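# Secondary and tertiary structure notes
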Amino acid sequence: AALIDDRPEAWESLLIASHFAGVAIEHSMLGAAHASANPLTARFNTVHGVAVAIMLPHVVRHNAGDPQTARRYAELLAIADVGGCRTMAEAIESHRKIAGLPRTLGELGVPPGALPRLAEDADAQWTARYNPRPLGRREFEVLYAAAF
């Protein structure tokens, strides 16, 4: 099967989807999950979505320390059909498992000694400033260690 579709309507749909993704990113300003994923993509050539999937449950646990964010997670979990998961982080981990994605940084080949540099890089990401619960280099290092 061809990887490139030569139908103009397929390319049009792809461009529209790409536009909507860009609009969503601009409005959400992302947060710590993307800030921690970007250095994994840059330094270890990790597919960005895989890097987000590994880091997101740990970021969600961190963010749940903020009462307002914890309430929002509980509301989302209550309306989602996630088969008995008690927390948003568990739901994300369940979906990651179903998708067959790696669950640890070690599975990506990230050496433990890389965590301080990754944390420094993540802290420098603009997206980190829009996280619901503030974090800095130290918190990013804790997140990476949890993902190891």
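Refer to the preceding data block for the structure.
A brief look at the structure comes next.

Calculation notes
- Residues numbered from 1 in each chain as written.
- Predicted model: local features only at pLDDT ≥ 70, side-chain atom pairs only at ≥ 80, totals over all residues.
- Heavy atoms only, no water.
- Helix = DSSP H or I, 4+ residues; strand = E, 2+ residues; numbered from the N terminus.
- Buried < 20%, exposed > 50% of the residue type's maximum accessible area, 1.4 Å probe, protein only.
- Arc of directions from axis to C-beta.
- Contact = heavy atoms within 4.5 Å.
- Phe/Tyr/Trp six-rings, centres within 6.5 Å; stacked < 30°, edge-to-face > 60°.
- 1 Å grid on protein atoms, 1.4 Å probe; cavity = no way out; pocket = protein on both sides within 12 Å on 5 of 7 lines; lining within 4 Å.
- Points joined across faces, edges and corners; volume = space filled by probe spheres on them.
- Nonpolar A, V, L, I, M, F, W, Y, C, P; charged D, E, K, R; others polar.
- Salt bridge = Lys/Arg side-chain N within 4 Å of Asp/Glu carboxyl O.

## Quick word on unusual backbone geometry
A positive phi angle, near 55°, is found at Asn45, a position not held by glycine. Along the chain, Asn45 turns up in the loop between helix H2 (32-44) and helix H3 (48-63). According to the relative accessible area criterion, Asn45 is exposed, its value standing at 70%.

## Looking at helix H6 (residues 115-123)
For H6, every residue scored as buried is listed here: Leu115, Leu118, Ala119, Asp121 and Ala122. For H6, the angular spread of the buried residues around the axis is 165°, confining them to a single face. Looking at the buried residues of H6, the elements they touch are H2 and helix H7 (137-147).

## Some remarks on the packing of aromatic side chains
This structure, assessed with the given rule, holds one aromatic pair. Ring centres of Trp126 and Tyr130 lie 6.0 Å apart, and the angle between their planes is 75°; on these two criteria the pair is classed as edge-to-face.

## Let's talk about the layout of surface pockets
Estimates place the volume of the largest pocket at around 210 Å³. Lining the largest pocket are 14 residues; nearest its centre among them are Leu30, Gly31, Ala33, His34 and Leu56. Of all the elements, H3 adds the most residues to the lining of the largest pocket, at four residues. Of the residues assigned to the lining of the largest pocket, the class counts are nine nonpolar, five polar and no charged.

## A few points about the pattern of salt bridges
Here the structure, examined in full by the defined rule, presents seven salt bridges. Glu90 is the partner of Arg86 in a salt bridge, and the nearest nitrogen-oxygen pair spans 3.1 Å. The residue Asp123 makes a salt bridge to Arg129 at a minimum N-O spacing of 3.4 Å. Judged by its relative accessible area of 48%, Arg129 falls in the partly exposed class.

Any link to function would need more than the numbers given here.
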